[in-house]
Structure formats: C-alpha cells, structure tokens
Amino acid sequence: MTRLELGGRWILAEYSAPAEGGGPSKAGEISAGVPGSVLGEWIRAGLAPDPYYGENEKQITSLFERDFIYSRAFTASPELLAEDRVDLVCLGIDTLGEIFLNGKSAARVNNMHRAWRFPVKELLVPGENTLHIVLFSPIAYTARAYREGPVEYINTGNMAGSGYLRKAHSQFGWDWGPMLPDAGIWRDICLEGWSTARLADVYLIQEHPVPPGGGPVKLRARVRIETADLKQFWAEDRRLLVLLRIIPPGEDGPPPRDITAETAVADVTADTGLVLTVENPRLWWPNGLGEGYGQSLYHVEVDLREADSGGADDTADGVFLDKWKRRIGLRTLTISTENDRWGREFTLTVNGVRIFSMGADYIPEDSVFSRITPGRTRRLLEQCTAANFNSIRVWGGGYYPEDDFYDACDELGLVVWQDMMFACNIYVLSDDFAANVREEIRQNMVRLRHHPSLGLWCGNNEMEVAWTEWDNVRLHSPALKADYIKLFEGIIPEVWKETDPQTFYWPASPSSGGGFEDPNNPDRGDVHYWEVWHGLKPFSEYRRYLFRYCSEFGFESLPDIETIQTFAGPEDMNLFSPVMESHQRCPGGNGKILYYLSETYRYPRDFASLVYISQILQMESIQSGVDHWRRHRGRCMGAIYWQLNDCWPVASWASIDYYGRWKALHYGARRFFAPLRTTVFVDETGAAPPGSLAGPLRRTVRVFVHNDTMKAARGRLTVCLRNRDFAVLAEETVEVELPPLSAAEALVRDYRGLVNSVELERSCFVAVELRIPPVEGGFGVDVSGGTGMSAGADAVQISRETALFVPPKYFSFRSPGYVLELQDWGDRFGIMIRAETFCRFVRVKIPGEDPVFSDNYFDICSPEGVTIHVKKKELQKDYTVQTLKEALTGGVFSVGDSY
C-alpha cells in the first residue's frame, strides 16, 4: 500500500463559476493550511476581523454567501501509479463541493459528517498533477432549499434551511452560538494506492461470561475484504491470510504475551471470522469504578497478507497487504430498560453494575473547527474527570468529534452518549438524502464502535418531542412526520443492526422508546427538563420530579469578567448593551438571569458582582436537580446537565467557558458529583411566623449520604446549627453506613423550637459534614471528591454542605473580613482562609492568573476556616508565599461582598 498525504499548504481563493465561453475566475489568493477552514485562514491572513469581538460576527456571516476554491499541485510517484487501485480519500470536506483532478471533474460532495473515497487512477499522470476543490456557498444552498421546500420551521437562533444540508447545524447559529457557517477541507486528505486486496472492515464482538469478570472473554473478529480486481483475483487463484493479535495492557514484571489467531480466507466475497480467548481479562470501567485497574485498554491488530506462491501458511513468508489497529476495552455496556415498580428504568449498566450517570452535554469547542486541537480537547475532558464525571453526551447539533476525543474518553473513563448529527430540525427524506445519511451513519458507527467508552447511539436531539409538543413543528404535513419515523426508527436502526448491534440504540433524546409515545415521560426513558430556566420555575421545582434519566437541564450564567473583556470594552459592561446582547443568544436570557436574581439575591453593587451572582445562581440551580435525583438513586439514574463548554465567549449554560475558565458550576460539579458525599435540604413546610416576609418558615432539615463507589464505607455525619457569627445552637454526630452504590436518608431534624423568629431564620444556617475514617487500601477513588480538603487527626473530610432557612436575599450576611495564611507545600501552595462571620460561596482569584484551585465557591462555616491549594504548574508567574499572599489581597469575594 502506498499513501501520499495531501495536507499542508494549499492556495485558497474566492471562486466564480465559468462565464459563457470562458473559464472560472479566482480572486484574493492566499496560502492556506489543510486541514483547515476558510474562516480560520482569512482570520490568520488578516482578511477578516476576530469574529468573536464586539459585533463583528454580523459582518462575517455574509462571507459564506460566496464560493471558494482550494488548489494544489502534487507529484504522483511511480510506486503510487504502479498500484492496482489509487483512491482519493477525503476524511472531511465542509460541505458542498466539486473535486477536479487535472482539470477533470472527479466527484461531488455534500456531507461534512462522512468520508469520501473515489477511484482516480485513470485521472492521474506521471509527475506533477493538480487538484482543485471548489466549495459552494452553504448559505445560498440552504436559502434556496428553504424557499422551494415544504419546511417552514426555523430553530431558535438558526438560519433557515439548515436541515436540508448535512452540515453541523450549530454553524448556522444556535441559542448559544454565532452564525458562522464556515467551509473548508477540515479533515485529512490523501491518495491511497493499493493492490490485490485491502481490509475494508473489521468488527470485534466480545463474548463475556455471566456475570462479567467471572471468566475468560472470547473476542470474535468479523473481517471484510475488498479486492482491487475480483475477476483477476479469482483467475490467478490467489490465497489470503488474516492474522488477529491482541496485546494485553502493560504491567509490572515481564512484558505481556500477545494472543494470536490466524486463518486463511476461504471466500473474499464473504466475511472471514477469527476467534481468540483472553484469560483473566482486565475489565474496563467508567471513572471512579473498578478494582484498581480502571480503564484497562488492549491493543488489537489485524494483518492481511497474501500467501507466497509456494502455498506456505506462515505469514512471515507472505506478502503484507494491509493492517488494522485499534485499542479496545473488555467490558459489557448497555442501557437497561427493564420494567420496574415505577415504570421502565433507563440505566447505564457496565459489567452488570447499574451506574448513576453524572456529566454534561458537549458541543463543538469552537465555531472555527480548525482551532479544535487534540490537546485542547484532552484538557477539556480531563476537566470533566476532575469534576467527577463518569459520562458525557455528544449533542446532535454539532459534529462527530475526532478520534482523539474518544481515545481520551477511553483513557479517562467517560462513557459517551453519542447523538447522531440531527437536532431541532425537520428532514425531507428524499432518496438522495436517505442514501447519504445511511452512509454517514454506517461510516461513523464503523469508526467509533470499537471504543470502550461508547455507551449508546442516539438518533437525534429533541425531534420526537418536537413532533408531539412544538406547534411550529407538529403542524407540518403528515408526510414529513412519516419521514421522521422512516429515518430514526427505520433507516438508522437498520444500519445499526448491520453495523454495531452490540451498542445500545435509542431513537431520540428525549424519548420513551419511540413512536411518538409521550417522549418526555418522567417514568421511562430520558427527559429534557427546562421549566427551571425557560419556564421561570424556582429551583425547588426539581423536587417535584423523579425522572429516570435527565439528559438535559440547565441554567445560564455570564462568563468570568476576564472572558467578557476579550469581546467587550468598558463602555459595553452593561447587561443590555448591544455587545452584551449580541453575546447572549437565548431570547430573553439576560432578563431571565435578572428575574432569578430578584427572586434569590439582593441587587449586585456593580457589573462584576452581577457576573459573580449569575454564576452562583447557575451552580445552585444545577445542584438542586442533581442532589434531588441522587437522593432517589435506583429510580433516578442519570443527571447530565446542559452544557459543558462554549464554542465562543458568550453568556450561556456552560460550566467551562470558551477560554477554559471554570465557572462556579464546574467547581460545584466537582462537589455534587463526588462519589462519596452528603446532601441536605430544608423542607418548605409550616406556617410563616408573624411579621415574616420570607414566606413559610422552613424548619425540617433532611440529610442524606451517598456512595457511588463499589466498596462499602463507614463515616461520621455531623449536623450543626449555627448563627452567622459561628455560635453553635445545636450539634450532633451520628455514625453512618454507606453501602456500595447507594443513597439513604441519614437524619431528619426539626428546628422549629430553635429557629422560632424572623430574626433567627435570617441569621442561622445548618452545616453538614461527612467524614470517612481512613481504611487500609483506600477506596479506589479520590475520596476527597477533588476538593483538596485536608485530613484531620483521625478522619478524612470528604463532603460539606450548607442550608439556609430563607432565600439568600433575606439572610443577614455581614461584610466579612478575610484572614489568609499560606504555606509552601512543594509542588503547590496551601491557602487557608478564615473569617469572623459565615461566608457563602467564597470565590478565590489571583489577578492575571487562571489556575484551577482544589476548591472554589465554597462556604466558610466555622472559625477554623477552609484550606484549599493551587498547583504551582497552574500559575504563570513564580511566586513565593509572600508574593502570592500579596496577589491574593482583594482576590477573595463572597455573597456578603456582592451588594
């Protein structure tokens, strides 16, 4: 096999179609990188301003009303031309294009979500060749299709007609993203020459004992071969050999022995099967689980060789033709939808263990896709496991990520909910569209199915529920509704059954199983819940619902002020300025933030305080849902919040902003997704005392303990009622048992006898601490939940939560004074923060730095204060204890400072 990479430097120019009697014209030629995009290269060349600054996006969108052309020359070597077949392989072209090789049309393309392979040997010449790829305007195409087609629906923030084109829908705008429908050769491109035969497909099937882990695992390989010339192959009576090899994970001691199986190919027109057995398998587990091995990965190789003319079966004497290499994990993984006493469960089940899914929804990391790098993606996913995620949902309005994304999820233990790339749209199922989509689905299933992190395939985002609940969708024709069924409950399941039946398929999100049968039913399937935020319901509304699996719920906040300063000037620092509103794509979003602020907190003293309070609201909202559903583990088995990340600097639902800065929500997630923790809430019962302005007096405190590890634990739970000056009004400690994979109510207390006046309800709080004694061998998880909380003399503090009896706007916070003590701990600095009064959601910042602290946005509930740490490698400058302490002066802030 001979391969010629065609990436590198190309010429990019605007393109005009040939006039009658003339040739095509090009204008504005620049050197451009491939893989890459038009917008990325125009920005680099200074032809377009930063699309994210101010309102620049508006002047850039029209760029994509034009056509463009990529051009380059290359040399076809004698070795390449000597191969039986030479294919042009395009792994990603965005989106509408025509390919010309040496001036002749070689192919047309119309789908960025799939690869393209075209035989081109007849078009090649010895020596220099020219390759041109013309990219046609996506805006012109979708606008024309919308005018001429039957679909009237336009999704919020989206451009008309995006459903007619197999292009990332979010590039046309969303309620969190800009309208920048870019174009380009966005993935690798090459010429691939091959002779005799090649490996067209390899599918690995795992057979586990019941229960998994109780014995050997059989690995079956289904190999499909493509010949360069089938008639010639048969005429010459050639013989092929296939070798399957699995390389176990490395370990201490001698190198592991490869496990191999080999067979001759009996019929190249049929699949060839090989089987081998893995004794004593190391199973792959999600983050936080497993017996010390975690994410064990095996290397698998399949070799295709041609037996030598002497007929020897020894592959060492054969002629190498092709190789297939992947990493896999040995595990069983599915979604259990068994009937139970509440309806029908929807539970991630790994190696027979039912797991509570915890994570967020992933969107494209940049609106300019060429800026998304493996390192950037890896860092983002590492931030997920740092916040105790075990799952991540790839949302269907973006694109199928690169292999690096899934490799990282394999290594980090993040189970991937994989949407197909259909979202909030109506699709007209023409024959060409159906064939194009069928191949798109097949290719991506083949590309991704070997990843152990792949948890399920999901047909689409919100289209089933749209057909049942959204008037602007459901009033379309019955024929279009029938097309929905044909695509998501016909074509895609057909491809799935042929291509990857080992992986669970779910027709839509949300769904109860398909067929438009109450897709947002709380008692079966998955749910998207938006009454908190879009419906302006209070955070306590979450406690009315026991969803089986909530795959979307969210709350917006502003990004950090440092992020806002990258797109707005001082004159724009007003929530309703044109620039701030252009970076808020949810209709009425800024007004919603202010509404919830008015219900919960006092009006902030300045814009920076408003930014801080918006993030606190976001964190409290999401934690309210997660805590409630984790308290009902068994019935509720998933909390995936919207959303993890941003594609540009914007006010949004993200917990990590465009520049990678953690919002309060991500620090909160590190705590509320911790495997071992406590939760607390105050029941809203009882009549209001005379003269109360805060509504009913909330008196009953309920405390739960949670263990989402596979090992039992024992702990000490302390519940303390204090006033704002830390005086203890009541305190008790109880021993608690935490069975594996459990949640249980540990304590209920009614404080009506102690909190019996308006003054007390506005100045008292409940602090709950769960401490786990150290045990030999540990827990196999980070029992601190990532908080960095230090150990006491005989216990490790792992979880601390606080509850108020009134909304924070009615609590009588005092303006705190902070005392800081710093220590040098070698590779990190320890930072102890104390105050003389109760401090809610203490935020620590170092000016000019963006480190991730071991904890942030925490409460100070006692005179002892809180100790956190920051790693020195997270800091840009070299600090001493004294210089860091000076830098932190004025960098500590809490709710009491915000008004």
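Conventions we followed
- Residues numbered from 1 in each chain as written.
- Predicted model: local features only at pLDDT ≥ 70, side-chain atom pairs only at ≥ 80, totals over all residues.
- Heavy atoms only, no water.
- Helix = DSSP H or I, 4+ residues; strand = E, 2+ residues; numbered from the N terminus.
- Rg over C-alpha atoms; globule rule 2.2 N^0.38 Å.
- Buried < 20%, exposed > 50% of the residue type's maximum accessible area, 1.4 Å probe, protein only.
- Contact = heavy atoms within 4.5 Å.
- Areas by Shrake-Rupley, 256 points an atom, 1.4 Å probe, with all protein chains shown as cover.
- Lys, Arg positive; Asp, Glu negative; His and termini not counted.
- Charge placed at Lys NZ, Arg CZ, Asp CG, Glu CD.
- Axes fitted to C-alpha atoms, helices over the stretch in contact; angles between N-to-C directions.
- Parallel < 35°, antiparallel > 145°, perpendicular 65-115°, else oblique.
- Nonpolar A, V, L, I, M, F, W, Y, C, P; charged D, E, K, R; others polar.
- Salt bridge = Lys/Arg side-chain N within 4 Å of Asp/Glu carboxyl O.
- Expected span 1.5 Å × (residues − 1).
- Pairing = 2+ DSSP bridges.
- Right-handed = clockwise from strand over helix to strand, strands pointing away.
- pLDDT = per-residue confidence, 0-100.
- Left-handed = near helix turned anticlockwise from the far one by under 90°.
- Core = buried A, V, L, I, M, F, W, Y, C linked by side-chain atoms within 4.5 Å.

Peer 1: When you look at the overall build of the chain in this model, what are you seeing that I'm missing?
Peer 2: Of the regular secondary structure elements, the chain holds 18 helices and 47 strands. Whereas a compact globule of 899 residues would reach a radius of gyration of roughly 29 Å, the chain reaches 30 Å, a difference of no more than 12%. Once the C-alpha set of the chain is aligned to its principal axes, its extents read approximately 95 × 65 × 60 Å. Looking at the chain as a whole, 59% of its 899 residues are labelled buried. Restricting the contact set of the chain to residue pairs at least 6 apart, pairs at least 24 apart contribute 72%. In the form shown here, the chain has an accessible surface area of approximately 33,800 Å², with 49% of it arising from carbon and sulfur atoms. Computed over 94 positive and 122 negative side-chain charges, the inter-centroid distance for the chain is 3 Å.

Peer 1: Could you clarify how one ought to interpret the packing of helix H14 (residues 589-600) against helix H15 (residues 607-631) in this entry?
Peer 2: Relative to each other, H14 and H15 sit at 80°, their axes nearing to 10 Å. Considered as vectors, H14 and H15 are oriented roughly perpendicular to each other. Where H14 abuts H15, its residues Ile-593, Leu-594, Tyr-596, Leu-597 and Thr-600 lie against Leu-610, Ile-613, Ser-614, Leu-617 and Glu-620. The class makeup of the residues in the contact of H14 with H15 is seven nonpolar, two polar and one charged.

Peer 1: Any chance you could explain the pattern of salt bridges here in plain terms?
Peer 2: Side chains that differ in sign of charge can pair as their charged atoms come close. In this structure the tally under the stated criterion is 66 salt bridges. One salt bridge in this structure joins Glu-440 and Arg-166, with 2.9 Å as the shortest N-O distance. Of this pair, Glu-440 sits in helix H8 (residues 431-448) while Arg-166 is found in the loop between helix H4 (138-148) and strand E11 (172-174), placing the two residues 274 residues apart along the sequence. The two residues Glu-440 and Arg-166 agree in class, both being buried. Across the pair Glu-411 and Arg-378 runs a salt bridge, and its minimum N-O distance is 2.3 Å. Of this pair, Glu-411 sits in helix H7 (residues 403-412) while Arg-378 sits in helix H6 (residues 374-386); the two residues are 33 residues apart in sequence, bridging distant segments of the chain. Here Arg-378 falls in the partly exposed class, since its relative accessible area comes to 27%. Salt bridges here are not isolated pairs; linked through shared partners, they connect Arg-3, Glu-5, Arg-85, Asp-87, Arg-117, Glu-192, Arg-198 and Glu-226.

Peer 1: I'm lost on H8 in this one. Help?
Peer 2: Each α-helix turn comprises 3.6 residues. Residues three or four places apart therefore point the same way. Taking 1.5 Å as the rise per residue, H8 with 18 residues should run 26 Å; its terminal C-alpha atoms sit 26 Å apart, in good agreement. Contacts from the buried residues of H8 go to strand E8 (104-110), strand E9 (116-119), H7, strand E29 (415-419), strand E30 (454-458) and helix H11 (478-499).

Peer 1: Would you explain the pairing of E30 in this entry?
Peer 2: Note on strand geometry: in a regular strand, side chains alternate between the two faces of the sheet. Among the five residues of E30, five are classified as buried, and the element is accordingly described as predominantly covered. Judged from the four bridges that link them, E29 and E30 form a sheet pairing that is parallel. Across the sheet, residue Val-416 finds its bridge partner in E30, namely Leu-454. Of the crossover connections in this fold, the one passing from E29 over H8 to the parallel E30 is right-handed.

Peer 1: I would appreciate a short explanation of the confidence of the model for the chain in the present structure.
Peer 2: Regions with low pLDDT carry predicted coordinates that are not meant to be interpreted in detail. Looking at the chain, the pLDDT average stands at 93 and 93% of residues meet or exceed 70. pLDDT under 50 marks residues 311-315. Its contacts with residues more than four places away, or in other chains, come to ten contacts. Taken as a whole, residues 686-697 scores under 50 in pLDDT and shows 25 contacts with residues more than four places along the chain or in a different chain.

Peer 1: Please clarify how the packing of H15 against helix H16 (residues 664-672) should be interpreted in this entry.
Peer 2: The relative placement of two packed helices is expressed as an angle between their axes plus a distance between the axes. Axis separation between H15 and H16 bottoms out at 8 Å; the angle between their running directions is 25°. The angle between the axes of H15 and H16 places the two elements in the roughly parallel class. Viewed along their axes, H15 and H16 form a crossing whose handedness is right-handed. Within the contact between the two elements, H15 uses Gln-615, Ile-616, Gln-618, Met-619, Ile-622, Gln-623, Val-626, Asp-627 and Arg-630 and H16 uses Ala-664, Leu-665, Gly-668, Arg-671 and Phe-672. Residues belonging to the contact of H15 with H16 are distributed by class as follows: seven nonpolar, four polar and three charged.

Peer 1: Looking at this structure, how should I read H15?
Peer 2: Between its first and last C-alpha atoms H15 spans 36 Å; for 25 residues at 1.5 Å apiece the expected length is 36 Å, and the two agree. Across the 25 residues that make up H15, a large majority, 23, are buried.

Peer 1: Could you clarify how one ought to interpret the nonpolar core in this entry?
Peer 2: Inside soluble globular proteins, nonpolar side chains tend to come together where they are buried. Of all hydrophobic cores here, the largest spans 199 residues; its most connected members are Ile-189, Phe-389 and Ile-392. The element best represented in this core is H15, accounting for eleven residues. Not counting the four nearest positions on each side in its chain, Ile-189 is found in contact with Glu-5, Leu-6, Gly-7, Trp-10, Val-34, Leu-88, Val-89, Cys-90, Leu-131 and Ile-133. Ala-221, Phe-233, Trp-324 and Ile-355 belong to the second largest nonpolar core, which has 48 residues in total.

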